[in-house]
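# Notes for the structure review
Now for the letters of each chain:
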Amino acid sequence: MAGHYRIIQAAAGNRRQGPVIAYTANPLNTPVAMPLPTHTDCIEISAPGGAGMLRPTRRPLPAPGPEEVVIAVHSAGVNRPDVIQRQGLYPPPPGVTDIPGLEVSGTVIALGAGVSRWAVGDAVCALLAGGGYSRHALAHQDLCLPVPPGIGLAEAAALPETAFTVWFNLVQQGGLRAGDRVLIHGGASGIGTLAIQVARALGATVYATAGSDDKCRSCERLGAEKCFNYRREDFTDLKALTGGRGADIILDMVGGDYVARNIRVAARRGRIISLAFLKGSRVEVDLMPMMLKQLVLTGSTLRSQPLAVKAAIARAVGEGLWPLVTAGQVRPVIHRTLPLVEAAEAHRIMESSTHTGKLLLDCRA
Ligand SMILES: NC(=O)c1ccc[n+]([C@@H]2O[C@H](COP(=O)([O-])OP(=O)(O)OC[C@H]3O[C@@H](n4cnc5c(N)ncnc54)[C@H](OP(=O)(O)O)[C@@H]3O)[C@@H](O)[C@H]2O)c1
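What counts and how
- Residues numbered from 1 in each chain as written.
- Predicted model: local features only at pLDDT ≥ 70, side-chain atom pairs only at ≥ 80, totals over all residues.
- Helix = DSSP H or I, 4+ residues; strand = E, 2+ residues; numbered from the N terminus.
- Rg over C-alpha atoms; globule rule 2.2 N^0.38 Å.
- Buried ≥ 20, exposed ≤ 12 C-beta atoms within 10 Å, placed from the backbone.
- Contact = placed C-beta atoms within 7 Å.
- Domains from an automatic or database assignment.
- Nonpolar A, V, L, I, M, F, W, Y, C, P; charged D, E, K, R; others polar.
- Axes fitted to C-alpha atoms, helices over the stretch in contact; angles between N-to-C directions.
- Parallel < 35°, antiparallel > 145°, perpendicular 65-115°, else oblique.
- Near = placed C-beta within 6 Å.
- Left-handed = near helix turned anticlockwise from the far one by under 90°.

The subject of this paragraph is the overall build of the protein. Scanning the protein from terminus to terminus reveals 10 helices and 18 strands. By the compact-globule yardstick of 21 Å for 365 residues, the protein fits well, its C-alpha radius of gyration being 21 Å. Its C-alpha atoms give the protein principal-axis dimensions of roughly 65 × 40 × 35 Å. Taken over 365 residues, the protein has a buried fraction of 47%. Taking contacts inside the protein between residues at least 6 apart in sequence as the whole, the part at least 24 apart equals 66%.

Another point: the domain arrangement of the protein. Domain annotation of the protein identifies domain 1 (2-159 + 332-362) and domain 2 (162-299). At the junction of the two partners, domain 1 supplies 9 residues and domain 2 supplies 10 residues. For the side of domain 1 that touches domain 2, the residue count by class is 4 nonpolar, 4 polar and 1 charged.

A few words on the environment of Gly150. If you trace the backbone, Gly150 turns up in the loop between strand E10 (144-146) and helix H2 (153-156). Along the primary structure Gly150 and Leu338 are separated by 188 residues, whereas in three dimensions their C-alpha atoms are 23 Å apart. Look past the residues within four positions of Gly150 in its chain and what remains in contact with it is Val325, Thr326 and Gly328.

Attention now goes to the packing of helix H3 (residues 160-173) against helix H9 (residues 307-326). Interaxial distance between H3 and H9 falls to 10 Å at its minimum, and their mutual angle equals 85°. By the angle class used here, H3 and H9 are roughly perpendicular. In this structure, H3 contributes Ala163, Phe164, Trp167, Phe168, Val171 and Gln172 to the contact, and H9 contributes Ile313, Ala316, Val317, Gly320 and Leu321. A breakdown of the residues in the contact of H3 with H9 according to their chemical character gives 9 nonpolar, 2 polar and no charged.

Around the ligand, a shell composed of 24 residues is seen, among which Arg80, Ser189, Gly190, Gly211 and Ala276 lie nearest. Breaking the shell around the ligand down by element, the ones donating at least two residues are helix H1 (80-86), H3 and helix H4 (190-201). Looking at the shell around the ligand residue by residue, the classes come out as 11 nonpolar, 9 polar and 4 charged. No fewer than three residues from each of domain 1 (2-159 + 332-362) and domain 2 (162-299) sit in the shell around the ligand.

Now for the packing of H3 against H4. Helix-helix packing is described using two parameters, namely the angle between the two axes and the distance between the axes. Viewed as axis vectors pointing N to C, H3 and H4 meet at an angle of 50°, and their least axial separation amounts to 9 Å. In terms of their interaxial angle, H3 and H4 are classed as oblique. Considering the relative orientation of H3 and H4, their crossing is right-handed. Two secondary-structure elements touch here, H3 through Thr162, Ala163, Thr165, Val166 and Leu170 and H4 through Gly190, Ile191, Leu194, Ala195, Val198 and Ala199. Within the contact of H3 with H4, the residues separate by chemical class into 8 nonpolar, 3 polar and no charged.

Below, the structure written as structure tokens:
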């Protein structure tokens with residue numbers, strides 16, 4: 001019945017000014033005009049720098065553009081790229097809000113022109129290019145997904161950024177198949193905790209690395225056969241552990257000296273996929289093994305992908321990954337949820353790397 005809920009944009013052509021009138025549901029299923037709030041509470045990066053630069057503010061609620069929905073945000077995921085954005089090293093793409101936040105869950109409260117897939121009142125989670133640290137967010141209809149049955153609205157906020165990244169890189173780029181040996185660096189990260197479960201659910205044997213014994217045990221509880229504590233173990237011992245075969249897929253966020261070691265531990269025809277370079281992207285390596293073992297060295301960044309690519313990933317995630325979540329084979333691991341106004345504290349926790357899994361912001365508070 002989405003047709004009953006079309007919105008009127010009173011300030012057509014000016015996306016920065018309201019008022020916006022939304023039609024909402026009533027028992028007779030006839031449209032009732034409801035004013036949307038003109039402003040919303042959010043967290044801005046007041047200047048590039050430390051976590052203290054994240055400050056609560058109020059901003060005008062932008063009207064949704066074509067094919068966009070307005071979401072009353074329940075929870076927002078905190079991701080390492082938000083930290084890098086806050087430091088001034090990962091600016092939002094042109095035309096994207098400066099408010100950080102790459103994923104939310106919540107309820108659709110208004111629809112832009114041409115929205116056909118969602119109705120007011122739908123519970124969704126969404127991938128954003130920015131704007132998640134807010135009580136209201138705009139999302140493209142093709143980047144929203146239903147909340148998978150079996151998990152709550154809050155938990156769903158922990159999924160989009162990691163689910164899109166993991167599915168695109170492990171499955172679509174990496175061609176993960178049952179029987180593969182997969183090595184996940186940063187296994188206790190938001191990305192890593194989901195990647196371990198996805199690879200395991202798809203029939204791979206999973207290995208991981210993490211920086212403490214506690215984190216390693218968490219990775220093993222999530223399905224890793226063995227997690228290497230990189231502070232006292234060498235993950236290239238994986239080669240011996242697999243009878244000389246090595247890893248068919250390596251998901252890396254570390255870079256630096258890991259690049260050469262990844263090449264060493266990769267199996268013949270292995271795929272090494274870089275998501276980030278926490279220890280640096282400038283390295284000197286011997287590429288001879290790449291040729292001899294026919295390795296593929298690749299990587300990607302999600303936020304800069306064109307809408308059509310992200311929409312295709314969303315469809316693949318909905319078809320391939322959501323059933324695994326519904327079946328209970330894959331669950332978001334939530335380390336802690338903080339109120340939206342404590343976003344700075346969430347960033348401090350993330351930078352201390354004391355967390356396992358995801359940090360969330362409760363945006364209703
Ligand atoms: N390319 C993309 O599309 C994309 C999308 C999303 C995220 N990412 C990247 O993926 C990574 C994970 O993101 P997230 O949000 O899941 O972050 P996160 O939870 O903060 O995870 C980062 C992990 O990196 C490990 N780490 C930090 N510094 C390290 C170092 N110097 N050496 C080795 N390990 C180190 C930490 O684990 P230990 O305590 O075990 O060291 C931590 O668990 C980030 O680097 C992020 O930028 C990329």
